[in-house]
Structure formats: structure tokens, C-alpha cells
Amino acid sequence: AQKITQTQPGMFVQEKEAVTLDCTYDTSDPSYGLFWYKQPSSGEMIFLIYQGSYDQQNATEGRYSLNFQKARKSANLVISASQLGDSAMYFCAMRASPYGGATNKLIFGTGTLLAVQP
Amino acid sequence: DAGVTQSPTHLIKTRGQQVTLRCSPKSGHDTVSWYQQALGQGPQFIFQYYEEEERQRGNFPDRFSGHQFPNYSSELNVNALLLGDSALYLCASSLGWSGPQETQYFGPGTRLLVL
């Protein structure tokens with residue numbers, strides 16, 4: 001069964017330090033997409049970064065990078081130089097339909113609550 | 001470039017009533033998905049619409065139905081509301097379902113409270 005696992009319910013990080021949020025996934029499909037979203041207390045899911053299963057390089061978007069280890073089925077999010085505004089819930093998600101399939105349904109993990117301390 | 005919009009932002013209903021939630025996709029997007037997020041959990045997929053047809057459905061009862069209009073906007077209808085339907089309902093849009101274009105962009109959500 002396809003599944004996303006986030007084992008860190010909550011984390012603290014000091015402002016300006018880097019932090020890694022863990023995500024492991026399980027799928028038997030050879031093609032899949034992995035995503036990270038940020039959800040502030042307002043509720044809106046904000047897209048951060050995307051990694052395709054066939055991408056050779058780790059994805060980066062500004063201060064966000066995705067540490068993609070395909071053999072270990074992990075897709076950890078690294079946030080560099082944390083800012084107070086980074087305090088939020090972070091969700092790892094996976095496209096759960098085969099490449100070229102009819103839909104791009106997402107399945108989500110349970111999330112990690114990140115608190116950035118001054 | 002307008003993002004995904006949803007209305008209303010908040011809604012209070014009583015058990016047994018019916019509710020309609022609305023979503024306009026991001027400009028240029030043709031695929032709309034709906035998710036339910038209960039308190040303290042990750043979003044759960046309800047269904048997805050493309051070209052006015054339901055393409056895939058999650059594990060939700062028939063009380064949940066939807067529609068997509070020719071302008072790609074969408075509605076989510078929930079009949080015979082139960083207390084357990086209280087949640088944040090998120091709409092997401094995308095362009096296609098492969099590569100970076102499959103990225104789903106979410107709206108601000110509708111918070112539904114069933115009393």
C-alpha cells in the first residue's frame with residue numbers, strides 16, 4: 001500500500017540554523033512525485049518543493065532543498081537559515097497514481113510541527 | 001496571477017443539513033481536487049475533476065458529490081451532514097498529472113463546523 005510516514009510530531013530549531021524534517025514513503029510504482037507543503041495556522045497549504053522519482057538531482061527552491069534517497073525511500077526536507085516565519089506544520093506528500101495515469105491524487109503524512117525560536 | 005480561491009471561508013451547519021463549497025482554480029489550471037482535513041491530521045483525498053468529469057474518488061461515501069463547470073471551477077456538495085464532517089475542506093488545482101505540472105496548488109480552505 002502507498003504510504004507516507006513522518007516520524008517527528010514536533011521539532012524546535014534556533015533562528016538562522018538549518019533543520020531537517022524527515023519523510024519516508026512506500027510505493028511499488030516506478031514513477032511517483034514527492035512534495036512538501038507548509039501549513040501555517042491560517043490553514044492554507046503552501047507548496048514548497050517537488051521531486052520527481054526520475055530526477056537525478058535533489059530539488060532546491062531557495063532555502064528549501066529535498067534530500068532524495070531513492071534506495072532508502074526517503075525524501076527529507078532541509079530548511080537552511082531558519083526564520084521565525086518558518087514556524088508552521090509541514091506535510092510530506094506523494095502522488096499516488098502511476099505516471100501517465102488518469103489522476104494525480106496526493107496522499108499525505110501526518111505532518112511535523114516546526115517551531116523556530118529566536 | 002490569481003491563485004486558488006474558495007468560498008465561503010467559514011460555515012456552520014447542523015446535522016442533517018446540506019452544504020455546498022465552491023472553488024475557482026489557479027489561472028490556467030484545468031484539474032481540481034478536493035481534500036478533507038480533520039483537526040490534527042493530514043488532508044484526505046475526496047475526489048478529482050478534469051474536463052467536468054470525476055476522474056478518481058477517495059474513500060468517501062456518496063453523500064459527498066461534486067461538479068466541475070466549463071470554466072474549470074468546482075463545487076463540493078455534502079448531504080445529510082454528520083458531526084464527523086466537521087473539518088477544513090481544501091481545494092487544489094493543477095495542470096495535468098505528470099512532471100512538475102502535476103504540482104497541486106491549494107486554496108485557503110473552508111472551515112466547516114457541524115453542530
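Residues numbered from 1 in each chain as written. Chains lettered and ligands numbered in written order. Predicted model: local features only at pLDDT ≥ 70, side-chain atom pairs only at ≥ 80, totals over all residues. Heavy atoms only, no water.

Trainee: Give me the sheet that holds strand S3 (residues 19-24) of chain B: which residues, what numbers.
Mentor: Residue and element names in this part refer to chain B. Strand order in the open sheet formed by 4 strands is S1-S3-S8-S7, with antiparallel pairing between adjacent strands. Two strands lie at the open edges of the sheet, namely strand S1 (5-7) and strand S7 (64-68), each paired on one side alone. Within this sheet the neighbouring strands show an average axis-to-axis angle of 20°, counted without direction. Bridge count between S3 and strand S8 (residues 74-78): 5 bridges; the pairing is antiparallel. Following the sheet pairing, Arg22 is matched in S8 by Glu75. (Pairing = 2+ DSSP bridges. Helix = DSSP H or I, 4+ residues; strand = E, 2+ residues; numbered from the N terminus. Axes fitted to C-alpha atoms, helices over the stretch in contact; angles between N-to-C directions.)

Trainee: I'd love a proper account of the pattern of salt bridges, names of residues and values included.
Mentor: Taken as a whole and assessed by the stated rule, the structure comprises 6 salt bridges over all chains. Here Glu102 of chain B and Arg95 of chain A are joined by a salt bridge, their closest N and O atoms 2.3 Å apart. Here the residue Glu102 of chain B occupies a position in the loop between strand S9 (87-94) and strand S10 (105-106), and Arg95 of chain A occupies one in strand S10 (residues 88-95), the pair thus bridging two chains. According to the relative accessible area criterion, Glu102 of chain B is buried, its value standing at 1%. Two residues, Glu54 of chain B and Arg57 of chain B, come together in a salt bridge whose shortest N-O distance is 3.2 Å. With relative accessibility at 26%, the residue Arg57 of chain B sits in the partly exposed group. (Salt bridge = Lys/Arg side-chain N within 4 Å of Asp/Glu carboxyl O. Buried < 20%, exposed > 50% of the residue type's maximum accessible area, 1.4 Å probe, protein only.)

Trainee: Break down the pairing of strand S2 (residues 10-14) of chain A for me, with residues and values.
Mentor: Residue and element names in this part refer to chain A. In S2, alternate side chains face the same way, and those of Met11 and Val13 are buried while those of Gly10, Phe12 and Gln14 on the opposite face are not. Pairing analysis gives 5 bridges linking S2 to strand S12 (residues 112-117), with the strands arranged parallel. When the bridges of S12 are listed, Met11 appears paired with Leu114.

Trainee: Just give me the short version of the interface of chain B and chain A, but keep the residues and values in it.
Mentor: Chain B puts 26 residues into the contact, and the matching count from chain A is 24 residues. The junction of chain B with chain A conceals about 2000 Å² of combined surface from both sides, 52% of it contributed by carbon and sulfur atoms. Remark: the boundary between chain B and chain A carries 1 salt bridge. Across the contact surface, chain B and chain A share 6 residue pairs in polar contact (both at pLDDT 80 or more). Among the residues forming the side of chain B that touches chain A, the class breakdown is 10 nonpolar, 13 polar and 3 charged. (Contact = heavy atoms within 4.5 Å. Buried area = accessible area lost by both parts, 1.4 Å probe. Polar contact = N/O pair within 3.5 Å; in protein donor to acceptor, adjacent residues only side chain to side chain. Nonpolar A, V, L, I, M, F, W, Y, C, P; charged D, E, K, R; others polar.)

Trainee: So what about the side chain of Gln6 of chain B? Which residues, and what values?
Mentor: Residues and elements named next belong to chain B. Along the chain, the position of Gln6 falls in strand S1. In terms of polar contacts, Gln6 uses its side chain to reach the backbone carbonyl oxygen of Tyr89, at 3.0 Å. A distance of 3.1 Å separates the side chain of Gln6 from the backbone nitrogen of Cys91, its partner in a polar contact. In contact with Gln6, other than residues within four places in its own chain, are Arg22, Cys23, Trp34, Tyr89, Leu90, Cys91, Gly107, Pro108, Gly109 and Thr110.

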